[in-house]
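The residues making up each chain are set out below.
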Amino acid sequence: MATRKLGRGRLSIAAVGAAFWALSVPFLSVGGPLASEELSIEEPSVEKSAARLKLLRSPDPEESWTKGLVVGSFFGGAWPSSQQVSGIAQTPGGPQSSHGASQSHTGIFAGPYLGYNFMDAGLPLTRDGKWKAIPGVLLILNYAEMSSSALSYSPSSAGPTASSGSSRTFLPEIGGVVMISNPTRFVPFLGATAGVAFSWTSGNSAVSPSGAELVAPGQTVFTYAPSTKVLAGVAIRIVPHWNWILGYATRFIAPTSSTVEGLNPDAVASIHSQTGWYQDYEGWVALQYDFGTLRQVPTMP
């Protein structure tokens, strides 16, 4: 009897254990995958991390022709060098020639400009591509005002003839520039321009060694001449798309010639003048808006 009771007890314990195991298995099977899924959420994969960093990066600029367009306006001053001048005065006794030098005085100039930067054609200067040489083109409309004075000597005269006048010049130019784009807010550049200088000189005056006025008053003389310029400077980012431009240029203008009528035809009927190569040194400042950006945005890792 005792043996049967002991056997029945063992069977009861085994039955209870089997029933407990049968009830526990579904919960254990569910608990395993849940734990694994929770672990993957706490520790994201490399692909998920890269996707999150991509969302944090600044969006790339839209592919559009306007992204390279720039517009601006400039103002500056010119410090001219002297130039050779010669003249031929038509007199009753025949032509009389003279030679001397003309000195233009400090002038001012201003105007707008339009440009386009070929950003997609930039040449990388560093391995990481953060420094690039970006070519660009410019259309510049330059208006300048300046006055000048000259002294010329004639072999048959005891003293010099003094002349003076003030000029207004309109100079349309086409230029090319190369900008060194980089991650900073300072973008240096180099360039050159070519154009034609159209000048109107008024207030022409010429005084003989004896103090007599030789030129009839109220005359305006028109001249034109090819012009070229080399320039350099730096663009300074103020806020996105807005830049201050600080620049320096040296300008060269080809020789010109002009003729004015004399005040007294019995003494001097006309004076024909020729000037040599003209050169000036220019400093200027500009405010520019660019539709794209000259400053490279650093790429996040």
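Since the model is a prediction, treat every value here as computed from it, not as a measurement.

Brief notes about the packing of aromatic side chains
Here is step 1: For the structure on display, the rule yields 9 aromatic pairs.
Here is step 2: Clustering of aromatic rings is evident, with ring pairs tying together Phe198, Trp200, Phe222 and Tyr224.

Describing the pairing of strand 8 (residues 186-207)
Here is step 1: Note: strand 7 (residues 160-181) against strand 8, 15 bridges, orientation antiparallel. Paired with Arg168 across the bridge in strand 8 is Trp200.
Here is step 2: Where strand 7 hands over to strand 8, the hairpin turn is made up of 4 residues, counted between the paired strands.

Remarks on the nonpolar core
Here is step 1: Core analysis: the largest hydrophobic core is formed by 25 residues, its most contacted members being Tyr113, Ile245 and Trp284.
Here is step 2: Listing elements by their share of this core, those giving two or more residues are strand 1 (69-80), strand 4 (107-117), strand 6 (132-153), strand 7, strand 8, strand 9 (221-239), strand 10 (242-253) and strand 13 (278-290).
Here is step 3: Broken down by element, this core gets its largest block of residues, 5 residues, from strand 6.
Here is step 4: Among the nonpolar cores identified, the runner-up in size contains 8 residues, and Ala206, Leu214, Val215 and Val268 belong to it.

A few points about the pattern of salt bridges
Working definition: two side chains of opposite charge can pair if their charged atoms are close together.
Here is step 1: In total, this model carries 6 salt bridges according to the counting rule given.
Here is step 2: With a shortest N-O distance of 4.0 Å, Arg237 and Asp290 are connected by a salt bridge. Taken together, the residues Arg237 in strand 9 and Asp290 in strand 13 connect sequence positions 53 residues apart.
Here is step 3: The class of Asp290 is buried, set by a relative accessible area of 0%.
Here is step 4: Here Asp280 makes a salt bridge to Arg251, at a shortest N to O gap of 2.9 Å. Taken together, the residues span a long stretch of sequence, with Asp280 in strand 13 and Arg251 in strand 10 at a distance of 29 residues. As far as the burial class goes, Asp280 and Arg251 line up, both buried.
Here is step 5: Residues joined in a network through salt bridges with shared partners are Glu173, Lys229, Arg251, Asp280 and Glu282.

Description of the environment of Gly203
Here is step 1: Within the secondary structure, Gly203 is located in strand 8.
Here is step 2: Residues Gly203 and Ala216, 13 residues apart in the sequence, show an inter-C-alpha distance of 9.9 Å.

Focus: unusual backbone geometry
Here is step 1: In this structure, His241 takes a positive phi of about 80 degrees despite not being glycine.
Here is step 2: Its location among the elements puts His241 in the loop between strand 9 and strand 10.
Here is step 3: We classify His241 as partly exposed; its relative accessible area is 29%.

What about the side chain of Asp280?
Here is step 1: Residue classification places Asp280 among the buried positions, given a relative accessible area of 0%.
Here is step 2: At 2.9 Å, the side chain of Asp280 and the side chain of Arg251 are in polar contact.
Here is step 3: Side chain to side chain, Asp280 and Tyr278 meet in a polar contact 3.5 Å long.

Quick look at the confidence of the model for the protein chain
Here is step 1: Averaged over the protein chain, the pLDDT score is 83; the fraction of residues at 70 or greater is 76%.
Here is step 2: Per-residue pLDDT, averaged within each element of the protein chain, yields its smallest value for helix 1 (residues 2-42) (48) and its largest for strand 4 (97).
Here is step 3: Scored below 50 in pLDDT, residues 25-41 makes 0 contacts in the model with residues more than four places away or belonging to other chains.
Here is step 4: Under a pLDDT of 50 for its full length, residues 296-301 has, in the predicted model, 10 contacts with residues more than four places off or in other chains.

What to know about the environment of Gly77
Here is step 1: For Gly77, the location among the structural elements is in strand 1.
Here is step 2: The exposure class of Gly77 is buried, given its relative accessible area of 13%.
Here is step 3: Through-space distance from the C-alpha of Gly77 to that of Glu145 is 9.8 Å; in sequence the pair is 68 residues apart.
Here is step 4: Once residues within four sequence positions are removed from consideration, Gly77 is found in contact with Gly107, Ile108, Phe109, Tyr281, Glu282 and Gly283.

The rules we used
- Residues numbered from 1 in each chain as written.
- Predicted model: local features only at pLDDT ≥ 70, side-chain atom pairs only at ≥ 80, totals over all residues.
- Heavy atoms only, no water.
- Phe/Tyr/Trp six-rings, centres within 6.5 Å; stacked < 30°, edge-to-face > 60°.
- Pairing = 2+ DSSP bridges.
- Helix = DSSP H or I, 4+ residues; strand = E, 2+ residues; numbered from the N terminus.
- Core = buried A, V, L, I, M, F, W, Y, C linked by side-chain atoms within 4.5 Å.
- Buried < 20%, exposed > 50% of the residue type's maximum accessible area, 1.4 Å probe, protein only.
- Salt bridge = Lys/Arg side-chain N within 4 Å of Asp/Glu carboxyl O.
- Polar contact = N/O pair within 3.5 Å; in protein donor to acceptor, adjacent residues only side chain to side chain.
- pLDDT = per-residue confidence, 0-100.
- Contact = heavy atoms within 4.5 Å.

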